[in-house]
Amino acid sequence: NGRIARICTSFIDVPDKISIAVYFAGCSLRCKDCHSKDLWDPESGKIFTIEKVVEKINKHKLAEYVVFVGGEPTDQIDFLINICKQITNKPKALYTGREFEVLPAVLLDNVDLIICGQYKSEFHVGGWPASSNQRVFKREGSKWKCQNTH
């Protein structure tokens, strides 16, 4: 089980894609300029089973992507990995304040797109991703490629 704040449709988290966004509750990183400070507290979410999250994702027929955001999804790493393993019909994206290099291999094997690095207002760019220090990685087969947009 894990704590989820909300599950909803997103039109902005993956450019040009309709996504279903899974907002994880709780964040140990606490970026200074975070736009989701209301999700820092793990109690901001409700307890969900892996099966319930996957069921909600699978019911969303229009979603082209599944996006894990927060809070900080990797604070609930086992819960996140187990959800990812069960979703096989849609590509998966992860927003994390952690750097790509510290993410476990089993997670990397089960997602397709990673937007990593803490949001920093002094590097705000008004595009995607939101600050120029953040990096975008896309899996191409078994290899990961950094696709920095700034």
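Use the structure listed above.
In this report, we go over the structure that sits alongside the text. (Residues numbered from 1 in each chain as written. Predicted model: local features only at pLDDT ≥ 70, side-chain atom pairs only at ≥ 80, totals over all residues. Heavy atoms only, no water.)

Side note on the nonpolar core
Here is step 1: Grouped together as the largest cluster of nonpolar side chains are 27 residues, with contacts concentrated most on Phe 68, Ile 83 and Ile 114.
Here is step 2: When residues of this core are traced back to their parent elements, those giving at least two are strand E2 (19–24), helix H1 (50–59), strand E4 (65–70), helix H2 (77–86), helix H3 (105–108) and strand E6 (113–116).
Here is step 3: Considering each element in turn, this core owes the most residues, 5 residues, to H2.
Here is step 4: Filtering out sequence-adjacent residues up to four positions away, Ile 83 remains in contact with Phe 24, Ile 50, Val 53, Val 54, Ile 57 and Phe 68. (Core = buried A, V, L, I, M, F, W, Y, C linked by side-chain atoms within 4.5 Å. Buried < 20%, exposed > 50% of the residue type's maximum accessible area, 1.4 Å probe, protein only. Helix = DSSP H or I, 4+ residues; strand = E, 2+ residues; numbered from the N terminus. Contact = heavy atoms within 4.5 Å.)

Brief notes about the environment of Thr 96
Here is step 1: Relative to the assigned elements, Thr 96 resides in strand E5 (residues 92–96).
Here is step 2: Taking the C-alpha atoms as reference points, Thr 96 and Arg 6, 90 residues apart in sequence, are found 17 Å from one another.
Here is step 3: Looking at Thr 96, its side chain comes within polar contact range of the side chain of Glu 72, at 2.6 Å. (Polar contact = N/O pair within 3.5 Å; in protein donor to acceptor, adjacent residues only side chain to side chain.)

Some remarks on the packing of H1 against H2
Here is step 1: One way to put it is that H1 packs onto H2 with a least axis distance of 10 Å and a crossing angle of 45°. Overall, the two elements H1 and H2 adopt an arrangement that is oblique. Viewed along their axes, H1 and H2 form a crossing whose handedness is right-handed. Listed contacts from H2 to Ile 50, Glu 51, Val 53, Val 54 and Ile 57 of H1 are Phe 79, Asn 82, Ile 83 and Gln 86.
Here is step 2: Per-class residue counts for the contact of H1 with H2 are 6 nonpolar, 2 polar and 1 charged. (Axes fitted to C-alpha atoms, helices over the stretch in contact; angles between N-to-C directions. Parallel < 35°, antiparallel > 145°, perpendicular 65-115°, else oblique. Left-handed = near helix turned anticlockwise from the far one by under 90°. Nonpolar A, V, L, I, M, F, W, Y, C, P; charged D, E, K, R; others polar.)

Regarding the packing of aromatic side chains
Here is step 1: Under the counting rule described, the total for this entry stands at 4 aromatic pairs.
Here is step 2: Aromatic pair Phe 24 and Phe 79: ring centres 6.0 Å apart, planes at 65°, arrangement edge-to-face. Of the two residues, Phe 24 is situated in strand E2 and Phe 79 in helix H2; the sequence distance between them amounts to 55 residues. You'll find Phe 24 and Phe 79 in the same group, each marked buried.
Here is step 3: Their ring planes at 15° and their centres at 4.0 Å tell us that Phe 100 and Phe 137 sit as a pair that is stacked. Of this pair, Phe 100 sits in the loop between E5 and H3 while Phe 137 sits in strand E7 (residues 135–140), and the two are 37 residues apart along the sequence. Comparing Phe 100 with Phe 137, the two get one shared label, buried. (Phe/Tyr/Trp six-rings, centres within 6.5 Å; stacked < 30°, edge-to-face > 60°.)

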